[in-house]
Each structure stands twice: as C-alpha cells, then as structure tokens.
Amino acid sequence: MFDVRVPIRDWIETAVRYLQRQFATVFDGFADVVDAIIGALLSGFQAVPPLLLMGAIVLLVLWLAGWRLALFSAIGLLLIDNIGLWTPFLNTLALVVAAQLLIVLVGLPLGILAASSDTAERIMRPVLDFMQTMPAFVYLIPAVMFFGIGLVPGVVATFVFALPPLVRLVNLGIRQVPTDLIEAADAFGSTRWQKLVKVQFPVAMPTVLAGLNQSIMLNLSMVVIASMIGARGLGTEVLRGIQRINVGQGFEAGLAVVILAIILDRLTASLGKRQQRRARE
Amino acid sequence: MTTSTAAEPSPRTHPRPDDRPSASECPADAATDASAGKRVKLAARDLSKVFGPRPERALELLAQGGTKADAQKLGAAVGVYDVSLDIHEGETFVLMGLSGSGKSTLLRLLNRLHEPTAGQVLVDGLDITRLSRRELLAVRREKFSGMVFQQFAILPHRTVLDNVAYGLEVQGVGADERRRRALEATALVGLEGWEAYYPAELSGGMQQRVGLARALAVDADILLMDEAFSALDPLIRREMQDELIELQARVNKTIVFVTHDLDEALKLGDRIAIMKDARVVQVGTAEEILTDPADEYVEAFIEGVDRASVLTAANIMQPVKETALLRDGPNTARTKMRRHGLSGMLVVDRERRVHGYVTAKSLGAQLEDPDAPRDRIDPERMEPAVVVDMHEPLQGVIGLASEASKPIGVIDERGRLRGVVVKGAILAALAQPGQTGNGGVVAGSGVAREEGAGV
C-alpha cells in the first residue's frame, strides 16, 4: 500500500543495542545480584536432604493452609522425587521464588505509588497492559541480549510478564479502602506512613493477596518458556520431551509443574481467606 | 462582638462581606466571648469551601450575590460559604441541616480534613489554616479527639481494643499506657468484655460505641461527630443519645455534632446552628430557635415542634413503679423501694390519693428510733409530695421539675395518682415526636423526615 515500511524493527533493534552498550555495567550488576539470589536459594535447597526439605514444606503448608493441602503436598513432593525430577524441581522452585521476590519487591511500591497518584496511575496503566499482553516469548530475545543464557534472563522475562497483576491489584485494593476509614486515620493525626501501614494496606490485604496469587500463577506459566533460553528446571524436561517426541517424559515434568502450581495457588489463596476469616468471625 | 448569638435574641443571618464581625480584625477578642462569658474553643471566620476547578471564581460570584446554583454552572460545588461561628468550651454544638446543606463539609473544615478555600479556623485562638502538614498533625492529635463517623469507620482487621487504641498508637503512646487508656475508654462506653472481638462480630450500636471509645481514649478537648447516630435504629439511637449526654456530663468535651434530625439536635445541643445551601442561617439555643426562627426555612423546620405548649403532664408521665401505702410499716415500704431500686416513693391511701413522699433515708431513721411507730409510716417523717394535675401543660411541669428533686406525682380530677414525671422524661418528650396527640410534629414540616427515611 505504501512504499515506506514503518521501521519499528529497526527502532527496537537500535534502542536495545544502545541500552546494551550504554548500560552494560548496570545490566551486568543486576545479573550478578539475581544470579547470587538464585544461587543462594538453590544451594540452600540442595544442601538439605530431600526428605527434610519436603517435611519443612509440608509443615509450612499445614500451618498456613490446613491438613488437606499438607497431605496433597506430601504425596506430590514424594512423587516428584520418585520419578527422578527432584533436582529440576529445585531449579524451578529457585527460579520461581527469585522471580516472585523481585516482583513483590518492585510491585508493592509501584502499586502503592499508583494508588497515591492519579498521574502515576495514568502513566502506569498502558505500560502494564503492554507488559501483560505482549506474548511472553518476545521477552526472551532482549532478556538474552542483556543477560545471556541461563536462569537470570529467565527470571527477568518472568518478572516482566508476571509483575502487572500485582501492581494492578495493590493499586485497586488501596483505592477501594472506604473514604471514612481514610478520614478516620487523618482525623486522629496519622502520618502518611501510619495511614498506609495501619489502615490502607491491611484493609486492602485481601485484594493484594489476590494479586500475589495471580502473579505467582503467571510466574509458573513462564517456567517452560524460560527453559528455551537455558533456564534449567522442569521446563527443560518438558522441552526435551517435545524434542524427542517423548510424551511420557513431557507429561511427567508437566505433572510436577502442576503439583507445584496447586501447592502455591492454594497456599496464597488460603492466606487471603485466613485474613478475611479473622476479620469476619 | 463575635458571631455568637447565645446572648443575642435576634440572630444574624447571611453575613455579607461589608458587615463582617470584627472578631477577625481584633484577634485579642477571639479567645473569649464576652457576651456569653465563656471561652471560645473553636471558631470559624468567614469560612468557605468550594469543590471543583477554579474555586476562587465561584467565591467571587457568590460575593456578588450569586447563588449556589449559579456557581454550579461554573462547575463548582459550594460546600460551605462564608460561615462564622464561635463554639464554646464544654458545650455540645449541633450543626443541623438537610443533606447537601454543607454541615458535614463544615465539620471537616474544622480539623482541615477538607482544605478551606477561604477563611480561618481558630482552635484555641490558633489559626490552623496556616499550619504546615506537620503542625496540623500535631494539632489534630493534641486538640481533637479524632472524629466519630456515621458508618463507624472502625478497622475491620483490628480487635475492639486495638481499634480503641488507634489514636494513641499514632501518637506513639507506649504499649502499657495505651492498653490502660484503651481499656478505660472501652469500659466508659460499656463494652467491657468485648475487647478481644472483631468489629464484624458486633452490632451496629456496639460498633459505634467502639468509634466513640476510640475518640474518648485520645482524651483531647474537641470531639467531632458526623451523623454519629444516624445509621442506628431508633431505639439504639435514643439510647446512644442518652449515653452521650451522660458521658458528656462526666468528660466535659467540646462536642461538635452534625445531624439532619431536629429531635436529635434539640435533645443534644446546648446550641444549634441551622445550615441551608452552604450557609449558616441561624445559631442559638433550642429555645431561641424555637421562639424566634430566623426565616421561613427555619420555621418550616421547627413547625409544630414547640411541644411544651401542646403537651400536658399526662402525655409524658410514666407508670408508677411502686407506691407506699399509708398502712405499710416502715420495713414493708423499705423492701418495696429496694426491690425497685428507688430512693423514695409517693405515699398513697387505698383510693390512691397522695399523702406525701417518703425516702429510704427517713424510713431508716424511723426504724432506728425506738419511739417511732412500727405499723405505719410516721407522718412526721413524710415530706410533702409534689403533684401536678394531669392536664397541666408541659411548661408548668417544667417549672416544677426544675425546682423539685423528686419525681412529680400526676393526679386526675379526683386526686388519684395516675403516674409520675421524672426530669429526663420531659427532655425526652420535647425531643420525641409521635407519642402525642400532635403526632405530626416533625413529619408535618416534611423536611427532616425525608432524609431520615433513607437511613
């Protein structure tokens, strides 16, 4: 239709290369930090005998979510170990936990910022929409360019993809706090920080936890995708299953991901319910 | 000198810029109200609040004689316009008006929850509109006991005790003292034993007690209450009003109470300010407003409320709990009193004609006196009874009640005791519609009810 093609491709290419060149040290530093976190998590997990770690996880689940989920966790984790996926499982767990730490660390302040300023919200909204709707595979390319191959770019791609729901729901939760509670906090002479910590955030907590839950689920959905850029773990096993058309192998690894997803999902959901139950009963 | 109308029978209405009171020009005067002899705790000076873009233009328009509706065309909502008030230390000051009249906005200007567009707010003579954020926080903590809200506004994730302690917590009061004071305040509102419960486990009335306790725990001088009892059902509401009156006698705060309910205003308010269309149209005691309404609006409000001249003793009397009979011995009479928790009783004969009044104390004296009769109440020790004809207008009863310390017997044409009037009942009757032949008292005005029905 037109002779001139809009050179989006070139713009992005140029921008990424520019960033890569100019901020190399920043990216390297960031990569080192993330690498250190994952390394610490992984060596921590691996230092503990599998049964002991399983026991610890089951106890945590029992305390937070009750005996049903604890029983499910025990059986699921034993099964994972039994089919020889314990080490990939730990890799995946480290990836998921590290990414989620980053998401919470960045997502909470961003959500609070969005809630406290209409301008900030107006700026953030389209960016968040973009981040969440852009197909996840696309993030892999710049992630590799900036951070190379391995777990770090996996964490970064996961972070970008799974951050939006948390920011969104923190913003929503805080904005939904009833006006008279805010007025009460102000009338008693609360500082902004006191108002946030003692009133807004606790009242918004159920919504915040729903956001946390959603972002964890998106986080898990990136596990397999991230394995394409060398993030070792259960995703790698699935990928191998695909490459060898080995349906059994792929299914086993997929099942392990499902078990992890169910545990994390029910666990965070029960946190929200606990909070509400305390306030209601 | 000041805007108070407590001593001015003819209240001022819409202050215009050219007849502004001189109080703001001679600040030395602001702290004391010479005419009433009371200290001014909280004052508004030419206070205005306009919501929306370009509020200054809306104010200009109003100053040139424009109306609220004119300002609305500019996209501005006038909440409060040019209000000047003096609120005295220790009084219960009621802001009354229909919804949208600006009363809640005015209340929120007093502690700067809303930022005034123009004018001053003086707390103990200090203009808080000029304070920085940090200074304002200090004033809110030291001078105000927070605020009590219509929908309670207590925190769902905190227990009763932790809610009550909120104000102290933000002030940084230590954990032990905080707990002690919160327990005290919880007991003060009658919530002992409920400290560990969560708000959702409490009824509306109890939740509002938590709101009240939270304010009382802070123990600062000024208490702001925004339609505090409007969300409660009528019985609980009356109970809370009574308790507030009782509490106020003990704690003696300066209370600013917002309501749309005239009955509530008359019952609680030492003075009442009536608001209409963002302005204060009249300030005065209940009596002043009833006898000399400033304009038709106020008149419509209070139409038929002057119950004192309509009601009679029979309308407000209560059933007699117990009487002493002439032939009762002192022990019998004393037992009757104990069983009903009375400190004195009217003495009647078999025809229920009143012969006198006897107190537990005099009965005790009689029992200790070896020469006194044992088979009947000693006529020497009886006090004369205060009685009133059941057709006596309320005004006459009020006169008697203010002198007498004991209940007043109400008798019929044949002198028989039909009921008693206790002091509290008079006030209640003045503030309660519906019990009387003149049933339409407030409903007749058609205004106050509209909003009440929606609650």
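We now turn to the structure provided with this report. It should be emphasised that the depicted structure is a prediction, and the values quoted were computed from it without experimental measurement.

**Describing the pairing of strand β8 (residues 222–226) of chain B**
All names here are of chain B.
- Burial runs high along β8: five of the five residues are buried.
- Taking every second residue as pointing to the same face, both faces of β8 are buried, with I222, L224 and D226 on one and L223 and M225 on the other.
- Sheet analysis places strand β7 (residues 144–148) next to β8, joined by three bridges and oriented parallel. Along β8, the bridge assignment pairs V148 with M225.
- Both β8 and strand β9 (residues 254–259) contribute to a ladder of five bridges, which runs parallel. Within the sheet, the bridge partner assigned to D226 lies in β9 and is V258.

**Side note on the pairing of strand β10 (residues 271–276) of chain B**
Residue and element names in this part refer to chain B.
- For β10, the tally of buried residues reaches five of six residues, placing the bulk of the element in the interior.
- In this structure, strand β4 (residues 92–96) lies alongside β10, joined through four bridges in parallel fashion. Residue V94 lies in a different strand from β10, and its bridge partner there is I272.
- In this sheet, strand β11 (residues 279–284) lies alongside β10 in antiparallel orientation, the contact comprising five bridges. Bridge pairing in β11 links A273 to V283.
- Counted between consecutive antiparallel strands, the loop separating β10 from β11 contains two residues, among which D277 sits at a positive phi close to 45°.

**Here's the deal with the interface of chain A and chain B**
- Each partner contributes residues to the interface: chain A has 22 residues there, and chain B has 29 residues.
- Note on chain A versus chain B: buried area summed over both sides is about 2,200 Å², and carbon and sulfur give 59% of it.
- Where chain A touches chain B, the interface holds two salt bridges.
- The partner of K198 of chain A in a salt bridge is E169 of chain B, and the shortest N-O contact between them spans 2.6 Å.
- In this assembly, chain A and chain B are joined by eight residue pairs in polar contact (both at pLDDT 80 or more).

**Observations concerning the packing of aromatic side chains**
- Under the defined criterion, the tally for this structure stands at eight aromatic pairs over all chains.
- Ring centres of F27 of chain A and F147 of chain A lie 5.6 Å apart, and the angle between their planes is 85°; this geometry places the pair in the edge-to-face category. In this pair, F27 of chain A sits in helix α2 (residues 24–47) while F147 of chain A sits in helix α7 (residues 136–147), placing the two residues 120 residues apart along the sequence. The residues F27 of chain A and F147 of chain A share a single accessibility class, namely buried.
- Note on F229 of chain B and F257 of chain B: the rings are 5.5 Å apart at their centroids and 55° apart in plane angle, and the pair reads as tilted. Taken together, the residues F229 of chain B in the loop between β8 and α9 (234–251) and F257 of chain B in strand β9 connect sequence positions 28 residues apart.

**Side note on the pattern of salt bridges**
All names here are of chain A.
- Under the criterion given, the structure shown has 41 salt bridges over all chains.
- Among the salt bridges present, the one from E121 reaches R175, with a minimum N-O distance of 3.6 Å. With E121 in helix α6 (residues 118–133) and R175 in helix α8 (residues 151–175), this pair connects stretches of sequence that are 54 residues apart.
- Assessed through its relative accessible area of 34%, R175 is described here as partly exposed.

**Quick notes on the sheet that holds β7 of chain B**
Residues and elements named next belong to chain B.
- Strand order across the open sheet formed by six strands is β7-β8-β9-β4-β10-β11, with mixed pairing between neighbours. With partners counted over all chains shown, the strands left at the sheet margins are β7 and β11, one partner each. Each strand axis lies, on average, 15° off the axis of its neighbour in the sheet, ignoring direction.

Calculation criteria
- Residues numbered from 1 in each chain as written.
- Chains lettered and ligands numbered in written order.
- Predicted model: local features only at pLDDT ≥ 70, side-chain atom pairs only at ≥ 80, totals over all residues.
- Heavy atoms only, no water.
- Buried < 20%, exposed > 50% of the residue type's maximum accessible area, 1.4 Å probe, protein only.
- Helix = DSSP H or I, 4+ residues; strand = E, 2+ residues; numbered from the N terminus.
- Pairing = 2+ DSSP bridges.
- Contact = heavy atoms within 4.5 Å.
- Buried area = accessible area lost by both parts, 1.4 Å probe.
- Salt bridge = Lys/Arg side-chain N within 4 Å of Asp/Glu carboxyl O.
- Polar contact = N/O pair within 3.5 Å; in protein donor to acceptor, adjacent residues only side chain to side chain.
- Phe/Tyr/Trp six-rings, centres within 6.5 Å; stacked < 30°, edge-to-face > 60°.
- Axes fitted to C-alpha atoms, helices over the stretch in contact; angles between N-to-C directions.

Purely geometric stuff here, so don't read any function into it on its own.
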